[in-house]
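One-letter residues, chain by chain:
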Amino acid sequence: MKKKMSLISREPTLSKEDEEFLDSLFIKSDYVCSNCLAEVDIDFGQEYTYCEKCECYVAVKKKGSA
């Protein structure tokens with residue numbers, strides 16, 4: 001009797017780009033909303049972003065800064 005290879009038994013393969021994207025979902029941000037101190041994600045050099053908690057655009061600051 002011939003064994004059939006199951007699709008489930010194969011290990012999924014991801015491109016490097018996909019792996020980097022998935023890793024970025026779990027990286028903690030170094031910046032917070034200056035209003036409510038919720039963690040926010042920003043692009044390099046960005047000083048303002050949309051805060052989902054405050055539901056508005058706010059300035060950002062580095063964690064631990066006054």
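This one's a predicted model, so the numbers in the text were calculated from it and none came from an experiment.

A.B. asks: Where do I start with the state of the cysteines in this structure?
C.D. replies: What makes a disulfide is a covalent bond joining the sulfur atoms belonging to two cysteines. Counted according to the given criterion, the structure contains 0 disulfides. No disulfide involves Cys56; its sulfur sits 5.1 Å from the nearest other cysteine sulfur, which is in Cys54.

A.B. asks: What is the right way to look at the nonpolar core in this model?
C.D. replies: It is characteristic of soluble globular proteins that their nonpolar side chains tend to be buried jointly. Listed in full, the 5 residues of the largest apolar core are Cys33, Val40, Cys51, Val58 and Val60. Those residues in contact with Val40, other than ones at most four positions away along the chain, are Ser29, Tyr31, Val32, Cys33, Thr49 and Val60.

A.B. asks: Any chance you could explain a nonpolar patch on the surface here in plain terms?
C.D. replies: Taken together, the side chains of Leu14, Phe21 and Leu22 define a hydrophobic patch exposed on the protein surface, amounting to about 280 Å² of accessible area. Structurally, Phe21 is set in helix H1 (residues 16–24).

A.B. asks: Looking at this model, I keep getting lost on unusual backbone geometry. Mind explaining?
C.D. replies: Among all residues save glycine, negative phi is the norm, and among peptide bonds the norm is trans. Backbone geometry at Leu37 places phi at a positive 65 degrees, although glycine is not the residue there. Inspection of the secondary structure assignment puts Leu37 in the loop between strand S1 (31–33) and strand S2 (39–40). Unlike most non-glycine residues, Glu55 shows phi in positive territory, near 60 degrees. With relative accessibility at 61%, the residue Glu55 sits in the exposed group.

Calculation notes
Per chain, residues are indexed from 1 in the order of the written sequence. For a predicted model such as this one, the threshold for reporting local features is a pLDDT of at least 70, and the threshold for listing and counting side-chain atom pairs is 80 or more; totals across whole chains, interfaces and linings nevertheless cover every residue. Only hydrogens and water are removed before side-chain values are computed, so all heavy atoms of the structure are retained for them. Any pair of cysteine sulfurs within 2.5 Å is marked as a disulfide. By nonpolar core is meant a set of buried Ala, Val, Leu, Ile, Met, Phe, Trp, Tyr and Cys residues that side-chain atoms within 4.5 Å join together. Only protein chains enter the area calculation, which uses a 1.4 Å probe; residues under 20% of their type maximum are buried, those over 50% are exposed, and those in between are partly exposed. Throughout, a residue-residue contact means that at least one pair of heavy atoms, one from each residue, lies within 4.5 Å. Only residues whose relative accessible area exceeds 30% and that form no salt bridge enter a patch; like-charged residues are grouped when within 9 Å of one another, and nonpolar side chains (Val, Leu, Ile, Met, Phe, Trp, Tyr) when within 5 Å. Computed by Shrake-Rupley with a 1.4 Å probe, the accessible areas treat only the displayed protein chains as cover when residues are assessed. Take a side-chain nitrogen of Lys or Arg and a carboxyl oxygen of Asp or Glu: if they are within 4 Å of each other, that pair is a salt bridge. Each helix corresponds to a stretch of at least 4 residues labelled H or I by DSSP, and each strand to a stretch of at least 2 residues labelled E; elements are numbered beginning at the N terminus.

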